Amino acid sequence: MAELNGMKIAAARDALRAGEVTSVELTEACLAAVEGAGALNAFVHHTPEIALEQARAADARIKAGDAPAMCGIPLGIKDLFCTRGVPSQAGSKILDGFRPEYESTVTQNLFDAGAVMLGKLNMDEFAMGSSNETSVYGNAVNPWRRGNDDAPLTPGGSSGGSAAAVAADLCLAATGTDTGGSIRQPAAFTGITGIKPTYGRCSRWGIVAFASSLDQAGPMTRSVRDAAIMLEAMCGHDPKDSTSVDLPVPDFEAMLTGDIRGKKIGIPREYRMDGMPDEIEALWAEGQRMLEDAGAEMVDISLPHTKYALPAYYVIAPAEASSNLARYDGVRYGHRAKLAQGDGITEMYEKTRAEGFGPEVQRRVMVGTYVLSAGFYDAYYNRARKVRTLIKRDFEEVFAAGIDAILTPATPSAAFGLGEMSDADPVAMYLNDVFTVTVNLAGLPGIAVPAGLDKQGLPLGLQLIGRPWEEGDLLNGAYALEQAAGFVAKPGKWW
Amino acid sequence: MSIDKETAAKVAKLARIRVDDDRLEALAGEFNAVLGFIEQLGEVDVEGVEPMVSVTPMRLKRREDVVTDGGMQKKVLSNAPDAREGFFAVPKVVE
């Protein structure tokens with residue numbers, strides 16, 4: 001058997017059920033791996049006592065028979081999820097010391113299924129970022145490096161800690177969240193699988209809100225099968241989230257046949273960007289060939305409003321963020337600034353938010369405030385919402401024309417160096433999400449699958465986009481791609 | 001449309017984020033970079049297009065109008081930076 005912490009969920013589940021391993025053994029192996037991986041700065045709050053208690057309970061449940069698939073599986077949880085009694089800061093100083101009195105629905109679902117929490121994972125502050133460099137905990141570091149160059153690379157963001165932890169075998173899988181690409185981009189940067197389900201599939205209750213109409217949780221795993229298993233445990237209707245869908249949750253794993261014969265895969269011509277690296281172009285072509293070999297038909301399609309997705313996103317997401325983040329006022333939880341003599345409540349708000357929010361969060365809250373302010377609401381916010389309608393319509397039209405899924409690159413580049421983008425203007429960083437953000441605007445499911453290595457030895461991912469609520473079909477397409485790509489590379493251990 | 005120092009100060013005030021005067025110039029520049037980027041939306045013909053309200057067409061669920069929660073004052077206050085006598089405490093608001 002491979003090292004226990006390096007196991008996939010499916011294999012661990014089978015070994016647990018066969019009595020070949022215990023959850024306590026798996027958990028201890030992961031805790032040791034976490035302990036030795038401080039250099040990655042992936043885990044930012046450690047919960048070994050909770051983990052071992054959950055592992056013992058899982059072992060008892062497995063012994064009693066009839067345990068769910070996730071029972072006894074050690075996970076990392078993104079810091080954005082509220083976990084009862086455990087620090088949940090969304091990577092921000094403003095939530096310093098916050099220990100929720102409640103549990104997010106997604107983590108509760110996972111714990112009900114018997115999963116084990118090893119700790120909380122690093123992320124960009126309030127999930128705003130594409131490199132994990134806006135975190136109050138400092139940068140998470142990608143376990144991958146460019147050949148023999150030891151320059152630290154970003155694991156992507158915002159779910160950078162989740163991606164680094166899964167790629168480095170610190171846990172069997174992790175939760176992520178995705179507002180504009182925050183699961184799929186870091187998954188692609190670290191050679192793992194990440195799926196953002198259809199908007200409404202996972203409850204958002206208890207997940208610190210960034211942009212409520214775009215946020216979705218999803219699993220980050222080392223295989224498509226693991227993504228299917230974990231997603232099933234995460235989702236389901238929740239009366240506490242009015243946008244959570246009341247639809248039955250299919251057995252996603254059972255839908256992984258690898259048979260995609262006759263499926264129509266759309267290749268959107270607008271995703272061929274100027275200046276796209278040759279390697280990304282080649283990988284995309286290779287993905288098309290692999291799906292074609294598996295019996296699918298490639299269809300040239302047009303999604304004409306693609307170009308406007310990022311600008312629309314950078315109106316809508318900051319607008320929603322400015323509203324959602326209004327709650328951080330130093331009254332109910334988290335940080336409150338020290339006040340000077342004579343300071344009133346307005347000074348308290350202003351100083352608390354200036355001290356508590358980092359520069360990127362401040363910038364987005366203020367941009368959001370601006371686009372919602374009197375006189376600009378129609379010009380920016382309402383116009384962006386109209387463009388969003390058109391972006392969604394683009395997808396509806398191709399799906400109505402018989403397209404089953406859409407294949408695109410996951411990111412416009414491989415992982416870049418930490419600090420490399422620090423002199424660029426904010427918009428340059430935003431371009432990381434150019435292939436993923438359309439999916440959030442249209443509420444669709446999207447999955448990133450590792451498909452190859454670039455010249456420097458860094459992983460590259462492909463993205464498949466599916467029809468709403470058809471994650472099972474999407475996962476099956478991804479499974480076919482995974483089998484054809486046969487990606488097995490792992491980062492060399494330097495940490 | 002270009003944002004000047006005064007507008008940046010006004011937006012910071014509306015957002016209740018204190019920004020030092022010597023930061024306003026740079027902040028206005030950052031706003032302009034972002035706004036320059038989103039300016040492209042002006043090219044799109046949105047005549048007759050409805051602004052999106054909900055990405056997933058669904059009817060909002062209804063429930064009985066009854067109290068389903070409550071009686072947890074201690075929990076509600078447990079994370080407050082300053083709580084006294086069962087209340088959140090803030091600087092004096094009314095004279």
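Conventions we followed
- Residues numbered from 1 in each chain as written.
- Chains lettered and ligands numbered in written order.
- Predicted model: local features only at pLDDT ≥ 70, side-chain atom pairs only at ≥ 80, totals over all residues.
- Heavy atoms only, no water.
- UniProt positions renumbered as here; feature names shortened; annotations may be inferred.
- Helix = DSSP H or I, 4+ residues; strand = E, 2+ residues; numbered from the N terminus.
- Rg over C-alpha atoms; globule rule 2.2 N^0.38 Å.
- Buried < 20%, exposed > 50% of the residue type's maximum accessible area, 1.4 Å probe, protein only.
- Contact = heavy atoms within 4.5 Å.
- Areas by Shrake-Rupley, 256 points an atom, 1.4 Å probe, with all protein chains shown as cover.
- Lys, Arg positive; Asp, Glu negative; His and termini not counted.
- Charge placed at Lys NZ, Arg CZ, Asp CG, Glu CD.
- Patch = residues over 30% accessible without salt bridge, like charges linked within 9 Å, V, L, I, M, F, W, Y side chains within 5 Å.
- Salt bridge = Lys/Arg side-chain N within 4 Å of Asp/Glu carboxyl O.
- Polar contact = N/O pair within 3.5 Å; in protein donor to acceptor, adjacent residues only side chain to side chain.
- Axes fitted to C-alpha atoms, helices over the stretch in contact; angles between N-to-C directions.
- Parallel < 35°, antiparallel > 145°, perpendicular 65-115°, else oblique.
- Nonpolar A, V, L, I, M, F, W, Y, C, P; charged D, E, K, R; others polar.

Under an unreviewed UniProt entry, the name given to chain B is Aspartyl/glutamyl-tRNA(Asn/Gln) amidotransferase subunit C, and the source organism is Aquicoccus porphyridii. In its Subunit (unreviewed entry) section, the UniProt entry covering chain B states "Heterotrimer of A, B and C subunits."

An unreviewed UniProt entry annotates chain A as Glutamyl-tRNA(Gln) amidotransferase subunit A of Aquicoccus porphyridii. Quoted verbatim from the Function (unreviewed entry) heading of the UniProt record, the comment on chain A is "Allows the formation of correctly charged Gln-tRNA(Gln) through the transamidation of misacylated Glu-tRNA(Gln) in organisms which lack glutaminyl-tRNA synthetase. The reaction takes place in the presence of glutamine and ATP through an activated gamma-phospho-Glu-tRNA(Gln)." You can read under Subunit (unreviewed entry) in the UniProt record for chain A the words "Heterotrimer of A, B and C subunits."

Undergrad: Just to check I follow, could you spell out the overall build of chain B for this structure?
TA: In terms of regular secondary structure, chain B is built from three helices and two strands. Beginning at the N terminus, the succession of helices and strands in chain B can be written as α-α-α-β-β. The C-alpha radius of gyration computed for chain B amounts to 22 Å, which surpasses the reference 12 Å derived for 95 residues by more than 25%, pointing to a less compact arrangement than a globule. Projected onto its principal axes, the C-alpha coordinates of chain B cover approximately 55 × 45 × 25 Å. Burial status across chain B gives 31% buried among its 95 residues. Of the contacts made within chain B by residues no fewer than 6 positions apart, 23% connect residues no fewer than 24 positions apart. Summing over all exposed atoms, chain B offers an accessible surface of approximately 7,000 Å²; the carbon and sulfur share of this is 50%. Charge-centre separation for chain B: the mean point of 14 positive side chains lies 12 Å from the mean point of 18 negative side chains.

Undergrad: Could you clarify how one ought to interpret a nonpolar patch on the surface in this entry?
TA: On the surface, V90(B), V93(B) and V94(B) cluster together into a nonpolar patch covering about 270 Å² of accessible area. For V90(B), the location among the structural elements is in the segment after β2 (87-88).

Undergrad: What's the story with helix α7 (residues 224-234) of chain A in this structure? I'm lost.
TA: Note: α-helices contain 3.6 residues per turn, so residues at a spacing of three or four share the same orientation. Residue and element names in this part refer to chain A. Of all 11 residues that make up α7, nine are buried, and the element is covered over most of its length. Two to three positions downstream of the cap, the backbone nitrogen of R225 sits 3.4 Å from a side-chain oxygen, assigning the N-cap of α7 to S223. Taken from the residues just after α7, G236 is the one with a positive phi, measuring 135°.

Undergrad: Would you take a moment to explain the packing of helix α8 (residues 278-293) of chain A against helix α15 (residues 471-485) of chain A for this structure?
TA: Residues and elements named next belong to chain A. Packing of α8 against α15 leaves a shortest axis separation of 9 Å and a crossing angle of 105°. When the axes of α8 and α15 are compared, the pair comes out roughly perpendicular. For the pair α8 and α15, contact is made by G287, M290 and L291 and by G477, L481, A484 and A485, respectively. Its residues assigned to classes, the contact of α8 with α15 shows five nonpolar, two polar and no charged.

Undergrad: Before we go on, may I ask you to explain the UniProt feature "active site" (unreviewed entry) in chain A in this structure?
TA: All names here are of chain A. Summarizing the sequence annotation, UniProt attributes the feature "active site" (unreviewed entry) to K78, S158 and S182 in the numbering used throughout. Spanning 105 residues, the named residues nonetheless gather at one spot, since no C-alpha pair among them exceeds 11.3 Å. Structurally, K78 is set in strand β2 (residues 74-78). For K78, the contacting residues outside a window of four places in its chain are K120, L121, M123, A127, S158, S159, S162, T175, G176, T177 and S182. Looking at K78, its side chain comes within polar contact range of the side chain of S159, at 3.0 Å. Of note, S158 is situated in the loop between β3 (116-121) and α5 (160-167). With sequence-adjacent residues up to four places away left out, S158 is seen in contact with K78, N122, M123, D124, A127, M128, G129, N132, T177 and S182.

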